Amino acid sequence: MRRVHDMGGLHDGPVPREEHDWEPYAKRTQAMNTLLRSPSRGMVSLDEMRRNTEDLADSYGKLNYDERVVHSLAQVLLQRGVITIEELGGKMAEIEARQRQQGQST
Amino acid sequence: MSANPSAVPARFKRGDPVRVRRTFPPGHIRTPYYCRGHTGTIERICGAFPNPEELAYNRSGLPAQPLYRVRFKSTDLWPDYREDPTDVVEIEIFQHWLEPA
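Residues numbered from 1 in each chain as written. Chains lettered and ligands numbered in written order. Predicted model: local features only at pLDDT ≥ 70, side-chain atom pairs only at ≥ 80, totals over all residues.

Caption draft 1: Structural context of the overall build of chain B. Helices and strands together make up the secondary structure of chain B, namely 2 helices and 5 strands. Start at the N end of chain B and walk to the C end: the helices and strands fall as β-β-α-β-α-β-β. With respect to the principal axes defined by its C-alpha atoms, chain B has extents near 45 × 30 × 20 Å. In chain B, buried positions account for 26% of the 101 residues. Summarising the internal contacts of chain B: among those between residues at least 6 apart in sequence, 61% fall at separations of at least 24. (Helix = DSSP H or I, 4+ residues; strand = E, 2+ residues; numbered from the N terminus. Buried ≥ 20, exposed ≤ 12 C-beta atoms within 10 Å, placed from the backbone. Contact = placed C-beta atoms within 7 Å.)

Caption draft 2: Up close: the interface of chain A and chain B. In this assembly, 12 residues from chain A lie in contact with 12 residues from chain B. Looking at the side of chain A that touches chain B residue by residue, the class counts come to 1 nonpolar, 3 polar and 8 charged. (Nonpolar A, V, L, I, M, F, W, Y, C, P; charged D, E, K, R; others polar.)

Caption draft 3: Spatial organisation of the nonpolar core. Residue and element names in this part refer to chain B. In terms of nonpolar packing, the biggest core is built from 13 residues, with Val20, Tyr68, Val70, Ile91, Ile93, Trp97 and Leu98 touching the most fellow members. Broken down by secondary-structure element, the contributors of at least two residues to this core are β1 (17–20), β3 (65–73) and β4 (88–94). Apart from the residues within four sequence positions on either side, Val70 is in contact with Val18, Gly40, Thr41, Ile42, Glu43, Glu90, Ile91 and Ile93. (Core = buried A, V, L, I, M, F, W, Y, C linked by C-beta atoms within 7 Å.)

Caption draft 4: Representation of the sheet that holds β3 of chain B within the structure. Residue and element names in this part refer to chain B. With antiparallel pairing, the 5 strands of this open sheet are ordered in space as β4-β3-β2-β1-β5. The sheet is open, and its two edges are formed by β4 and β5 (98–100), each paired on a single side. The average undirected angle you get between the axes of adjacent strands in this sheet is 45 degrees. Note: β1 against strand β2 (residues 39–49), 3 bridges, orientation antiparallel. Bridge assignment links Val18 to a residue of β2, and that residue is Gly40. (Pairing = 2+ DSSP bridges. Axes fitted to C-alpha atoms, helices over the stretch in contact; angles between N-to-C directions.)

Caption draft 5: Main features of the packing of helix α1 (residues 24–37) of chain A against helix α3 (residues 65–79) of chain A. All names here are of chain A. Interaxial distance between α1 and α3 falls to 10 Å at its minimum, and their mutual angle equals 40 degrees. With respect to α3, the axis of α1 lies oblique. Our pair here, α1 against α3, has a crossing hand that is left-handed. Contact residues: α1 offers Tyr25, Ala26, Thr29, Met32, Asn33 and Leu36, while α3 offers Asp66, Val69, Val70 and Leu73. Here the contact of α1 with α3 is built from residues that sort into 7 nonpolar, 2 polar and 1 charged. (Parallel < 35°, antiparallel > 145°, perpendicular 65-115°, else oblique. Left-handed = near helix turned anticlockwise from the far one by under 90°.)

Caption draft 6: Spotlight on the pairing of β2 of chain B. Judged from the 7 bridges that link them, β2 of chain B and β3 of chain B form a sheet pairing that is antiparallel. Within β3 of chain B, the residue paired with Arg44 of chain B across the bridge is Arg69 of chain B.

Caption draft 7: Just helix α2 (residues 46–54) of chain A, in detail. Within α2 of chain A the residues assigned to the buried category are Asp47, Glu48, Met49, Arg51, Asn52 and Glu54 of chain A. Packing partners of the buried residues in α2 of chain A comprise α3 of chain A together with α1 (52–55) of chain B.

Caption draft 8: Geometry of the pairing of β3 of chain B. Both β3 of chain B and β4 of chain B contribute to a ladder of 7 bridges, which runs antiparallel. Looking across to β4 of chain B, one finds that Lys73 of chain B is bridged to Val88 of chain B.

Caption draft 9: Representation of the environment of Val88 of chain B in the model. Residue and element names in this part refer to chain B. With respect to the helices and strands, Val88 occurs in strand β4. Distance from Val88 to Arg71, taken between C-alpha atoms, is 6.5 Å for residues 17 residues apart in sequence. For Val88, the contacting residues outside a window of four places in its chain are Arg71, Phe72, Lys73 and Ser74.

Written out as C-alpha cells, the structure is:
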C-alpha cells in the first residue's frame, strides 16, 4: 500500500513559485530544528523526524511544513525521554494562559 | 540487535540486473513506492551506510548496508510514459531491497 508521503511519480499541478513571509513561529521552529538536529547534540536524527512525520498519515496533508516539524520534534523528544508529556502539556498551558493575558491587556 | 561496525558485503556490481522487492512494510522506508517490483541495472555502488529503517527508531542501523544507484527505464516504470523513450530514472536503493533479476 502506498503511504501518504510517498508521492513520487504521481501527477500533480504546477509548483507555486511566489515567495511568502515566515511567521515568527516558523522561524522559531526552524531554529529549534537546527539546534536539536546538530550532530554534536545527537538528540534528534533526520530518520526519526521522517518516521514521525510519515506516521501522521491522514493528518499529513492538513498540516503545513513547519507544523509537521513541530509535531515530529515533540514526538522524538518524548520517545527519547528528553521531555515528559507532563512537561510539554504544562508548558503549552502556560503559554496559552500568557497569550490570553496579553490578548486582554492590548 | 548486535552492533557490527563492519558493512554487509556487496552482492552486486556495476551492470548487474536487479529487481526491487515488492513489499510494503510499515515504518520509515527510503525505497519509493513506484519502483517496487521493477527491474533496473546497477549504475554504481555508492558505499555502505547505516540502515535508515533502523535509524528511524533510534537504533544503530549497523551493520552498514551497501547502497546502490539503480537505473530504470522510464518506460519500464510507467508503461504510459510519452516523453523521450530513452529517458531513465536513477534511484539510490539499499541492498536489502534488491534481488538478482
